[in-house]
Structure formats: structure tokens, C-alpha cells
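Letter by letter, the chains look like this.
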Amino acid sequence: MAETVHPFLVGAESIEGVLDKLVGLEPVFLPVAEKREALLALARLSSRVEALQAKLIACAGEVAEADGHRDVAGWLAHRTHASGAAARRAQRLGVACDRRWQRLGGSLLTGQVNVDQGHVIAGALDDLASAAALVEIGAEEWGHVLALAEAHLVEQAKHFGPRELRRLGERILEVVAPELAEELEGQQLADAERRARRRTSLRIQHLGDGTALIRARVPEAAALRLKTSLEAFTSPRRSSDGAEKQPYDRRLGQAFCSLLETIDPAPLPLHGGDATTMMITMDVDALVSGLGTATLADGSRITAGEARRMACTANLVPAVLGTRSVPLDLGHTARLFTPAQRKALALRDRECRADGCSIPAAWCEAHHLQPWSRGGRTDLANGILLCSRHHHLVHDDRYLHDRMPNGDVRFARRR
């Protein structure tokens, strides 16, 4: 007596037999209307077969156990030489539909919902189910909310693809239980903010080549505030000064440096009775000539020219040393231009005073024509607005600069 074969296997063999016949046919000669119909039919059949496979995977755990595999997805990937990620994705969908979302599973098997839509809907429903602890609602009532959400998303699959369904899934509670949506959103935002605070970190790694690598993870609100501040320093994307355009990430990095140099120390925490400042130690000859080096408080070295440039806008204290390293000067109280002076400079100059540069005054820095280190006064007659790029060039010994009759500054690279 022949052994009875389960109808599931018989059906699978029948499908394979029909496929064997189809692959022997040449579809290139199909009329356009029939090609269209065939494409839709095969897409529907392919999705239904994938859904059927996911259903089988969900109940085939003993197969993996019998052959010593961790799970059936791993066993299937090994035996078929297929992608392990794809097998696990099918397993997750099958388990979700088998244990939690039977309505979705039925729609997948009948072809009303395709597999790509199914993954999105199952994910949205799982996210919603995990939010039960955040709202004050009974288990039975919450189960009813989940059932309404599942029914609504399955129905919307007739009209929308995975991308649109994902967006609908994110706001599904507003549709099926709007009275709970605001409460849930508030709790989720509070949890997200607490997680963000716990994960906040910043590391500074000195690379030994004159640069340091900064890695930071901060709350989104803080990142947005930083980005807004940096964009106040960046030049317009279309510059008319004829300079080579720089990548935007480099300009943001330069803007970050400018922000640190110009930040007001007054509201910063006090150290030893004084607001946080940057102390620079250098010889008096180096300060006057702009040649040589200077030492920061942590022992890092910068050029004297860079120290002079920073003195225009940065809140730093130069400790100028004489021939016997005796402190001669610990800074002037009126080194920085006041906000009122900045406004007056903006009204007068309108934009960067470098020849051919049109960067607006709001993105410029105030520069001392007669260097502050040489006794230059912090007043309008000795002040001029330069964008960050040209302010660096003024203090770059590779460039010459001179005043034009109209007061603009013209630059030329040394030969």
C-alpha cells in the first residue's frame, strides 16, 4: 500500500509542475495587454508563495532542532544557500502573523496584502503593542484598539504601498483611538528625551597632526541648536569672491571653530572666581612680529600669527612674557568690539571688505586694522569687517594684503 502524501506537498509539487511548463514558454511574443496581466499575476503568486513559506517557517521549529540548528531560518539559509537575512525576515513575519496578527496573515495568504506591505504592517502593529505600558488603559480595551489598527492598515493596503503604510502606521493611533494618541506621544517623547540624556557623550582625540577628532552624541534639540548657530557663521552657498567652493561639511567645521572663538564667556561656569577663558603664553617679540609660536594652557602649540588672529574675536587672555619669562601683560579689558560697535560696523561696511567678496555683515568678524597686540585701539576707525576666510588670510603670512583707496582690502599670495 503506497504511503499517503500530505496535500501540502502534493500542492507544492503541482505548483512546481505548472512552473516547469511556464518556463518552457517564450513570453516575448505576448501582446502588451497580456504581458501586463501576466506581470501582475506572477507578482501576486510570488507574494502568496512567500507568505505561505513564512507561515510554514513559523511552525517548523522542530526541523531546526532535529538537525541541530539554532532556528529554522538558519537551517533554511544553510540548506538552500540563500540569504540568512532574508530567511530571518520571513521567519519574523511568519511568527508575527501566527501568534499576533492572524487577520494580516490571512490577507497575505489570499494576496490581498503583499509581503512588502505585510512586513511594514506587522512592524507598525508590534510597535503599537509595545506602547501598551505607556498609556492608562485596560488589557481588553487595548486589545480592541490593536484589532482596529490591524483592520485599518490591512484595508489601507488596497490603496497604499509600503512607504505610505509606514507613515500611516506611525500615526495609526490618531485614527483608531485619537483620545489616546496625545497621551502616548507625550510619554514616548519623554522616554526618548531621557534616553537621549543617558546616551549623551563627547570625546576629543588629539591626532598628532595639528587636528583633533571630536565625536559627540547629543539630544536632537541640542544638535539643532548647534546647527543653527553654525549656519550663522557659514557663508552663502553661492559666493561671488571668486574663491574655490568648499564642501559644506568643511565650512561647518570652520564655523564650529569660529563659534568657539567668539562665544561669550560671561555665562560660563566660574573657575577660581573668573569666567572660563583660554590662556595663551608667548614672547613679546612673537606677539609683535607675528612670528614664532605660542603655548595654550594645556601645552598645545599654535603659531604666533594664529594667536594674533584669535585676539581679534576670541575671549582669550594673552600672558605676554618678557626676556626672563616675566608676565608683562595679562590682556586688555577693551580688546573685543562691543555689540554696539559691531552694529555700527555692519551699517558702515555692509559686507566683507575684502576686494570682490560679498559675504554679508552678519557672517563677518571684526578685525583690528592696527593689531591689538601692537597697541591698536578697539574703535570704529581701527575696525573693519572680514568674513572668516579673509580674516584667516589677513593673519596668514603666505599672503600679502593692502588697503585700496575705497578702504577695501586686496590680497595677493606671496611668490
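Right, let's walk through the structure included here. (Residues numbered from 1 in each chain as written. Predicted model: local features only at pLDDT ≥ 70, side-chain atom pairs only at ≥ 80, totals over all residues. Heavy atoms only, no water.)

Considerations on the overall build of the protein chain
Basically, it comes down to this: Put simply, DSSP H or I for four residues or longer makes a helix, DSSP E for two residues or longer makes a strand, and each gets a number counted from the N terminus. Relative accessibility under 20% of the residue-type maximum defines a buried residue, over 50% an exposed one, and the middle range a partly exposed one, all with a 1.4 Å probe and only protein chains included. Throughout, a residue-residue contact means that at least one pair of heavy atoms, one from each residue, lies within 4.5 Å. The Shrake-Rupley method, run with a 1.4 Å probe, gives the accessible areas here. Residue values count only the displayed protein chains as cover.
A tally of helices and strands in the protein chain yields 17 helices and 13 strands. A burial count over the protein chain gives 32% of its 415 residues as buried. Taking the intrachain contacts of the protein chain between residues at least 6 apart in sequence as the baseline, contacts between residues at least 24 apart amount to 51%. Of the accessible surface of the protein chain, which amounts to about 26900 Å², a share of 56% is contributed by carbon and sulfur atoms.

Looking at the pattern of salt bridges
What counts here: Salt bridge, as applied in this entry: a Lys or Arg side-chain nitrogen positioned within 4 Å of an Asp or Glu carboxyl oxygen.
Here the structure, examined in full by the defined rule, presents 12 salt bridges. Where Glu174 meets Arg171, a salt bridge forms, and the shortest distance between an N and an O atom there is 2.2 Å. Note on Glu174: relative accessible area 38%, which makes it partly exposed. A residue is classified by how much of its surface remains accessible, and Arg171, at 40% relative accessible area, is partly exposed. Put simply, Lys227 and Glu231 hold a salt bridge, and the shortest N to O gap is 2.5 Å.

Points about the pairing of strand E11 (residues 383-387)
Definition in use: Between any two strands, at least two bridges found by DSSP are needed for them to pair.
Extensive coverage of E11 is indicated by the burial of five of its five residues. Along E11, one buried face is formed by Gly383, Leu385 and Cys387 and the opposite face, lined by Ile384 and Leu386, is buried too. Both strand E10 (residues 364-368) and E11 contribute to a ladder of five bridges, which runs antiparallel. Paired with Ala366 across the strands is Leu385, a residue of E11.

Here's the deal with the nonpolar core
The nonpolar side chains of a soluble globular protein tend to be buried with one another. How we decide: In this description, a nonpolar core means a group of buried Ala, Val, Leu, Ile, Met, Phe, Trp, Tyr and Cys residues linked to one another through side-chain atoms lying within 4.5 Å.
Counting residues in each nonpolar core, the largest one holds 33 residues, and the members touching the most others are Leu104, Ile121, Leu128, Trp142, Val145 and Leu173. Here the element with the most residues in this core is helix H7 (residues 115-130); it accounts for seven residues. Here Leu173 is in contact with Leu128, Trp142, Val145, Pro178, Leu180, Ala181 and Leu184, once residues within four sequence places are set aside. Judged by nonpolar contacts, the second largest core, of 15 residues, contains Cys357, Ala366, Leu385 and Cys387.

With respect to helix H2 (residues 32-58)
Every α-helix carries 3.6 residues per turn, so stepping three or four residues along brings you back to the same face. Short version of the rule: Residue count minus one, scaled by 1.5 Å, sets the expected span of a helix.
The end-to-end C-alpha distance of H2, which contains 27 residues, comes to 39 Å, matching closely the 39 Å that a straight helix rising 1.5 Å per residue would cover. Taken together, the buried positions of H2 are Ser47, Ala51, Ala54, Ile57 and Ala58. Here the buried face of H2 lies against helix H3 (61-66), helix H4 (72-80), helix H5 (84-99), helix H6 (102-110) and H7.

Topic: unusual backbone geometry
One non-glycine residue, His81, adopts positive backbone phi at about 55°. Position of His81 among the secondary structure elements: in the loop between H4 and H5. Judged by relative accessible area, His81 falls into the exposed class, the value being 73%. One non-glycine residue, Arg350, adopts positive backbone phi at about 70°. Structurally, the position occupied by Arg350 is in the loop between helix H16 (339-349) and E10.

Section: the pairing of strand E13 (residues 409-413)
It is a general feature of regular strands that their side chains alternate between the two faces of the sheet. Pairing between strand E12 (residues 399-403) and E13: five bridges, direction antiparallel. Residue pairing in the sheet places His401 in a bridge with Phe411 of E13.

Let's talk about a positive patch on the surface
Definition in use: Patch rule: a residue counts if its relative accessible area is over 30% and it has no salt bridge; like charges are joined within 9 Å, and nonpolar side chains (Val, Leu, Ile, Met, Phe, Trp, Tyr) within 5 Å. None of His or the chain ends enter the tally, which takes Lys and Arg as positive and Asp and Glu as negative. Every charge is mapped onto a representative atom, which is NZ of Lys, CZ of Arg, CG of Asp or CD of Glu.
On the surface, Arg195, Arg197, Arg198, Arg199 and Arg217 cluster together to form a positively charged patch. For the positive patch, the leading source of residues is helix H11 (residues 178-199), giving four residues. Here Arg197 lies in helix H11.

A word on the side chain of Asn382
Here is the rule we go by: Definition of a polar contact: a pair of N or O atoms within 3.5 Å, with one able to donate and the other able to accept a hydrogen when the atoms are protein atoms, and with sequence-neighbouring residues admitted only if both atoms are side-chain atoms.
Mapped onto the secondary structure, Asn382 falls in the loop between E10 and E11. We classify Asn382 as buried; its relative accessible area is 10%. Polar contacts involving the side chain of Asn382 include one to the main-chain amide nitrogen of Gln370, which spans 2.7 Å. A polar contact is formed between the side chain of Asn382 and the backbone oxygen of Arg377, at a distance of 2.8 Å. For Asn382, the residues in contact, after removing those within four places along its chain, are Phe337, His367, His368, Leu369, Gln370, Gly376 and Arg377.

Section: the packing of H2 against H5
Here is the rule: Angles here are taken between N-to-C directions and fall from 0 to 180 degrees, while the axes themselves are lines fitted to C-alpha atoms, restricted in helices to the stretch in contact. Angular relationships are summarised with four words: roughly parallel below 35 degrees, roughly antiparallel beyond 145, roughly perpendicular across 65 to 115, and oblique for the angles in between. All amino acids are sorted into three groups, where Ala, Val, Leu, Ile, Met, Phe, Trp, Tyr, Cys and Pro are nonpolar, Asp, Glu, Lys and Arg are charged, and the leftover types, Gly among them, are polar.
In the contact formed by H2 and H5, the axes pass within 7 Å of each other and the chain directions differ by 75°. Taken together, the axis directions place H2 and H5 in an arrangement best described as roughly perpendicular. Residues Ala54, Lys55, Ile57 and Ala58 of H2 form the contact with H5, whose participating residues are Ala87, Ala90, Gln91, Gly94, Val95 and Asp98. Class assignment for the residues of the contact of H2 with H5 results in six nonpolar, two polar and two charged.

Comments concerning a nonpolar patch on the surface
Residues Ile15, Val18, Leu19, Leu22, Leu25, Leu42 and Leu45 make up a contiguous nonpolar surface patch of about 650 Å² in total accessible area. Counting through the fold element by element, Leu22 comes out in helix H1 (residues 7-23).

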